[in-house]
Amino acid sequence: QKYKCDAFNVSVQDGAGAGQSVPHTHVHILPRYVGDLERNDDIYVALDEWAPRDEMVKRQPKLDVLEDSERRDRTMEEMEEEALIYQTLIGEQSD
């Protein structure tokens, strides 16, 4: 309501490979507006390039994001397999 936006992207940064630039896991909540980016996936470029201070800017490998027309939907079986992996990992963290 505060930002009067159409949607949000949520980015969790946990580890240097995920862009974590401070010594704790953190979450970015990005207000989004219909048409705010030419391609919706340009949000990844914006996240890669964003840093709160100049000294935090890192040169990271560019993320290769396929065009929508080049993507294929994952099957239900693939998503179930992935969910099982995450459930196992989360269960191991809880022990």
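Each remark here, short or long, concerns the structure printed above.
Predicted, not measured: the structure shown is a model, and the values here were computed from it.

Comments concerning the side chain of His26
1) Next: Within the secondary structure layout, His26 lies in strand β2 (residues 26–32).
2) Next: A distance of 2.7 Å separates the side chain of His26 from the side chain of Gln13, its partner in a polar contact.

Some words on the side chain of Gln13
1) Next: Take Gln13: it is sitting in strand β1 (residues 7–13).
2) Next: Residue class for Gln13 comes out buried when judged on its relative accessible area of 9%.
3) Next: A polar side-chain atom of Gln13 sits 2.9 Å from a polar atom in the side chain of His28.
4) Next: Not counting the four nearest positions on each side in its chain, Gln13 is found in contact with Ala18, Gly19, Gln20, His24, Thr25, His26 and His28.

Side note on a nonpolar patch on the surface
1) Next: Where nonpolar side chains cluster on the molecular surface, the patch consists of Tyr3, Phe8, Val10, Val12, Val27, Ile29 and Tyr33 and spans about 700 Å² of accessible area.
2) Next: Mapped by element, the contributors of at least two residues to the nonpolar patch are β1 and β2.
3) Next: Counting residues per element, the nonpolar patch draws most heavily on β1, at 3 residues.
4) Next: Exposure remark for Val10: the relative accessible area of 58% places this residue in the exposed category.

Parameters and conventions
Residues numbered from 1 in each chain as written. Predicted model: local features only at pLDDT ≥ 70, side-chain atom pairs only at ≥ 80, totals over all residues. Heavy atoms only, no water. Helix = DSSP H or I, 4+ residues; strand = E, 2+ residues; numbered from the N terminus. Polar contact = N/O pair within 3.5 Å; in protein donor to acceptor, adjacent residues only side chain to side chain. Buried < 20%, exposed > 50% of the residue type's maximum accessible area, 1.4 Å probe, protein only. Contact = heavy atoms within 4.5 Å. Patch = residues over 30% accessible without salt bridge, like charges linked within 9 Å, V, L, I, M, F, W, Y side chains within 5 Å. Areas by Shrake-Rupley, 256 points an atom, 1.4 Å probe, with all protein chains shown as cover. Salt bridge = Lys/Arg side-chain N within 4 Å of Asp/Glu carboxyl O.

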